[in-house]
Each structure stands twice: as structure tokens, then as C-alpha cells.
Amino acid sequence: MKHSVAIALGSNLGDRFANIETALRLIEQPSQLLVGVDADAVSVVDTSFMYETAPMYVTDQPRFANCACLIETNLEPRILLTLLKKIETTVGRVPSIKNGPRAVDLDILLYDSNIIDTRAEDQRETLDNLVDKLVVPHPRMAEREFVLRPLADMIPEFVHPVHNKSIRILLDDIIRQSNDEFPMLKVTPFADYLITRTHHLPSIYQVPSMGRYWSTHCSNQRPTKVRLMATLNATPDSFSDGSVNNTLSAALAYSAASVRAGADIIDIGGYSTRPGAAFVSPEEECQRIVPVIQAIRSHEDQDVSSTLISIDTFRWEVAEAAVLAGANCINDVHSFTGPEYPLTQTSTKHLLKMREVARKFAVPIILMHSRGDAGSNKDYTQYKDGVQEGVRVELGEKVEAIIKGKGGVRRWFVIVDPGIGFSKTVEANCALLREASSMTANTPMNLLAGYPQLIGSSRKSFLGTILERPDADGTHEGRKTQPKERGWATAATVACAVQQGASVVRVHDVQDMRDVVTVASAIWSDH
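Please read all numbers here as calculations on a predicted model, not as lab measurements.

So, on to the packing of helix H5 (residues 248-261) against helix H15 (residues 510-524). Orientation of H5 relative to H15, taken along the N-to-C sense of each, is 20 degrees, at an axis distance of 9 Å. Classified by the interaxial angle, the pair formed by H5 and H15 is roughly parallel. The interaxial crossing formed by H5 with H15 has right-handed handedness. Counted together, Tyr 254, Ser 258 and Ala 261 of H5 and Val 510, Gln 511 and Arg 514 of H15 form the full contact between these two elements. In terms of residue class, the contact of H5 with H15 is made up of three nonpolar, two polar and one charged.

Spanning 14 residues, H5 covers 20 Å between terminal C-alpha atoms, matching the ideal 20 Å at 1.5 Å per step. Among all positions in H5, only Ala 250, Ala 251, Tyr 254, Ser 255, Ala 256, Ser 258, Val 259 and Ala 261 are buried. Where H5 is buried, its residues contact strand S10 (227-233), strand S11 (265-269), helix H6 (282-297), helix H7 (302-305), strand S17 (504-507) and H15. A positive backbone phi angle near 115 degrees is found at Gly 262, which sits one or two residues after H5.

This model, assessed by the stated rule, comprises 34 salt bridges. Note that Arg 411 is salt-bridged to Asp 46, the shortest N-O span being 3.1 Å. Of the two residues, Arg 411 sits in the loop between helix H10 (387-403) and strand S15 (414-417) while Asp 46 sits in strand S2 (residues 42-47), which places them 365 residues apart along the sequence. For Arg 411, a relative accessible area of 5% puts it in the buried group. For Arg 459, the salt bridge identified is with Asp 509, shortest N-O distance 2.8 Å. Taken together, the positions of Arg 459 in the loop between strand S16 (454-455) and helix H13 (461-468) and Asp 509 in the loop between S17 and H15 put the pair 50 residues apart, joining distant regions of the chain. Given a relative accessible area of 25%, Asp 509 falls into the partly exposed group. Salt bridges sharing partners connect three or more residues here, namely Lys 85, Glu 88, Arg 93, Arg 102 and Asp 105.

In this structure, Gln 61 sits in the loop between strand S3 (50-53) and strand S4 (64-73). The exposure class assigned to Gln 61 is buried, which follows from its relative accessible area of 12%. Taking C-alpha positions, Gln 61 is 60 Å from Asp 471, a pair spaced 410 residues apart along the chain. A distance of 2.6 Å separates the side chain of Gln 61 from the backbone oxygen of Val 58, its partner in a polar contact.

Buried residues dominate strand S5 (residues 105-111), accounting for seven of its seven residues. As judged from the six bridges shared by strand S1 (residues 3-11) and S5, these two strands associate in the antiparallel manner. If you follow Gly 10 over to S5, its bridge partner there is Asp 105.

Taking burial as the measure, the 10 residues of S4 include nine buried ones, the bulk of the element. Here three bridges tie S3 to S4, and the two strands are oriented antiparallel to one another. Within S4, the residue paired with Thr 53 across the bridge is Phe 64.

What follows concerns the packing of aromatic side chains. Evaluation of the coordinates by the stated rule reveals eight aromatic pairs. Judged by centre distance (5.4 Å) and plane angle (65 degrees), the rings of Phe 17 and Tyr 213 are edge-to-face. Within this pair, whereas Phe 17 is found in helix H1 (residues 16-27), its partner Tyr 213 is found in strand S9 (residues 212-217), the two being separated by 196 residues in sequence. Residue Phe 17 is classed as buried on the basis of its relative accessible area of 3%. The class for Tyr 213 is partly exposed, based on a relative accessible area of 27%. Each member of the aromatic cluster is reached from another via a ring pair, and the members are Tyr 193, Tyr 205 and Phe 361. If you follow Arg 371 out to its NZ or CZ, it ends over the ring of Tyr 383, 3.9 Å from the centre.

Reading guide: rules and limits
Every chain's residues receive numbers from 1 upward, in the order its sequence appears when written. Selection of residues for local features in this predicted model requires a pLDDT of at least 70, selection of side-chain atom pairs for listing and counting requires 80 or more, and totals for whole chains, interfaces and linings are taken over all residues. As a rule here, side-chain values come from all non-hydrogen atoms in the structure, and water together with hydrogens is ignored. Every angle, taken between N-to-C directions, lies between 0 and 180 degrees, and every axis is a line fitted to C-alpha atoms, over only the stretch in contact when it is a helix. Strands here are runs of E lasting at least two residues and helices are runs of H or I lasting at least four, both read from the DSSP assignment and numbered beginning at the N terminus. The labels follow the angle: roughly parallel below 35 degrees, roughly antiparallel above 145, roughly perpendicular from 65 to 115, and oblique for the rest. Crossings are classed by handedness, with left-handed meaning an anticlockwise turn of the near helix from the far one by less than a right angle and right-handed meaning a clockwise turn. Note on definitions: a residue-residue contact is assigned when non-hydrogen atoms from the two residues lie within 4.5 Å. All amino acids are sorted into three groups, where Ala, Val, Leu, Ile, Met, Phe, Trp, Tyr, Cys and Pro are nonpolar, Asp, Glu, Lys and Arg are charged, and the leftover types, Gly among them, are polar. For a helix, the expected span equals 1.5 Å multiplied by the residue count minus one. Three labels apply to residues, based on accessible area from a 1.4 Å probe with only protein chains included: buried if under 20% of the type maximum, exposed if over 50%, partly exposed otherwise in between. Whenever Lys or Arg places a side-chain nitrogen within 4 Å of a carboxyl oxygen from Asp or Glu, that contact is recorded as a salt bridge. Whenever two N or O atoms come within 3.5 Å, that pair is a polar contact, provided that in protein one can donate a hydrogen and the other can accept it, and provided that, for residues adjacent in sequence, both atoms are side-chain atoms. By the convention used here, strands pair only if DSSP detects at least 2 bridges between them. Note on aromatic contacts: the rings of Phe and Tyr and the six-membered ring of Trp form a pair at centre separations within 6.5 Å, being stacked when their planes are under 30 degrees apart, edge-to-face when over 60 apart, and tilted otherwise. Look at NZ for Lys and CZ for Arg. If either is within 6 Å of the ring centre and within 35 degrees of the ring normal, a charge sits over the ring.

So yeah, pure geometry; function would need other evidence.
What follows is the structure in C-alpha cells.
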């Protein structure tokens, strides 16, 4: 019989995020640690967002990384507890003071809706005797925001079998009472490739180090810092800068200049998404982007060589080659389903393969809304209940398929992109920008609630269309523009994105857009 179990994971020693990823991979390898247990006895089927939290109880220690997962298992509670303790030891937990620092901490929070207490009847009046005992639901759940927030990401309406309140209500109760000096932050960890560590566990794919991360305030969903993604097209036919950066020296010069101007990540693409772009084979796409990644990683300036790199591709072979060459993130304009629209069985196979690669390498993924290849499907008017709701539903369903079920990508690795300029009218693009915060708002039934958001509007053709229009009173006829002439128009959209709480803006002109982000952030930081 399969049971549904919620497990909390925390770490504040060593490589926190890598420790948690390692523990999750070991959870799904129970036969490696317990004799007589089937290899498929445990499956991780959902994960929460990842959080950075201040320590409770013993406050003089490093900040914790906290998250939770849902598993399906046929293991009985005591056997599952034994497995978790073995995983803690394997990852590197050593005896410490109560509530003290630890490499990893695994707790069973919920086991179906069961109430379990393995202590003797006369020992249940205190919580000071829990060593090697199992009490479920976890007895301190209701006082721990760092437990309730992750649970609310996955099962907000689950009713606590002791308190008879939903997880959402328990979380609301504790937030009203909270006055922490260091409120919880939602974080996106970045894996470091190339892998330099040599020690790893033979039963699981090697987990990279994850020392860098981006963060977002839980209270208002605004990023602690708006990040700039520099756009590097290693193609001869990009809509904006084709043939400008498609030589290795030019690409390297642009990358170095972007980093020095303040870029937080460089997005490298080897296959143009403009309508009518020539077909490029996966092999040729790899030949375009891998040397660029390798050159950046070999740059003499350490700031350049260590910069975060994203690979802009919808092909799993290219994504894998790019990450192995040194990329830290996958940016997919088709959200893992490939260029076919409407979706087909091929789309499903494509999603599963892309999901497998992202899961194996433990890298963030940027999932963009689009409706197939840019050169096809020109009817952009048919969005059920309007463009905002249409994008939320269409992209949300893909995100759910990517993060949930056995083999799913961790929720905390997902960044969403509404796809400005893809499969939308000019008016729809403006509406998405104007109401971008609603895309990820914590509203009922919103599958994108809480995800960090990227806005990519730089130099897009809809800006050119707007600039061609005459003024409302007819005093100015408008003008035709080339993509490079849309810098000021792009600046308006970037300022809007900052005001709407975007975590990342994807741009071409890094220095100018850094100024826009800096001033816009100063205006809106306390909003």
C-alpha cells in the first residue's frame, strides 16, 4: 500500500543546497541504505520552494536552507525514520547540541492523516524526550514558519489531524504573530559547472556545488535584487543582433563587457527564434554555443570566467552539452514541450527528456510561454478568459507536469517567463507587462503562484509596432525602427517590469538597462 508522506529538509552547514539535493536523491535510493527494501519503495512526487531562514531556538548559528517534499512510499513509519537517519549520517550529519547546526536534517511531518507517537503513554506530556522516537504530525509544526511555508506550497488545504486547521490557516496564524528581524527568503540556488569536486556517492549522479543563489522576499514577492540577464546570440540570423556576436572573439568581448557593466547572468543562444529563421541541427547548435561557454570559463578575468551562464535552447542534447561545458541554467522558450503546437505525443516525450536532463544536473530552468514555432500559428487572439489567464493556465499546466510526479524537477529551480513577444498581439504584450505581478500572484487556482518571474521585452517587434503608430492627436506620425533603435522603448518596459516585481530582466544593452533597473528599483523598493 502506498502512503503519502511529507518530509522537511534543512541544512546550515557546508554546501546547504547540495546537501539537500543529495539527501533527496538518496531518499529515492532506499535499497542502497537499507537491507531488504525494494529499490522503488520511495518516490519523491513534489517539492516546495527553497527558503533561507534565520535559526530558531539556538540563534547563534548560520542561516538555514529549508524546504519540504512529498513522497509516495510503501515503507512503514519506523522503517522510513530509519532510512532518513541513515541519510543524515551519509550526507554528513554528526552529533551536536539540540537544535544546533547540522549538515542536513530530515523530519517526517505528516504520514497520510495518521497520528503516531512511539513513546510510552506516560512520557507524552513533554517534548524533551523525542530522541529516536517518532511523533507524527511533527509536534512543533504549528510554531515553525519554515515548516508551514514549504507545506503550503504543496498542500495548502490539507487539514492537520490534531489542530483541525488547514496548513494555509496555520501559516496565516503564525505570520500574523511574526516579527522576525530576518524574515524568510525564497531562494533559487545555482549549480556550479564544471564540477571540480571528486568525492561523491556512487549510488547517485554527482551533485554539483551550489554556493550561489538569488532570493525573493516572501512578504511581497519582490526580489532582494532585480537581476540582469545579458543576451548573447551566437547566431548569424537573430532578429536583433544577428551576425554581431557570432564569432568567438566578438562573443567573448560582449560577455566581458556585459559582466563589467553589471550583468548577473549571460544567456547564450545558438538557434534564432525569429519567424522564418533557418533550421539548425542540434549538432550545429552545439558547435555554436559550446566553444563560447568554454571560452568564457577560460577567461583571464575571474569575474568573467565565474559569471553565471544560461543556455537558451529547447533541445535536450544542446542543454546537456552546454551544462557539461559550464552553463548553470537552462532557458527554454517552449517550456520543455518543443516547437509543436497544438501539443502532441511528441511534445510529451520532449518534456520528459528535457525534465530528465534538468533533474540530473540540478540546474535552474526558465520556462517561457509560447505557442509553438514563431513562424507558425499567427492567430494570437484565442486565449480563454483573456491573455493573462490564458498564459497562466497554459504555462501553469506545463510547470505542473515538469515539477510533479516521479522524476520531477525541484520547484525551487523554476523561473517563469510570460513570453513577451511570443504568440501574442501588441495589446496582449502590453497587458502582460502592465499586469505582470498578477502572473505569479498568490491567488486561488493560480498554478504559477509564487514563482520568480523573468521578463524579456528587449528590442521586440511589438515595440517597433507601437513606435510606428501616430500620436493620439496626430501631431507625430511615428517612425520605423530597427531593433537596435529600440533602446528607449525597451527602457520603458524594463522600468515596468521592475515596478511589477520581476526577478530578472533579459536585455541586450546591459549598461543602459542597469541604470534603468537601479533607478526603478530605488523608486519601487518600498512599494
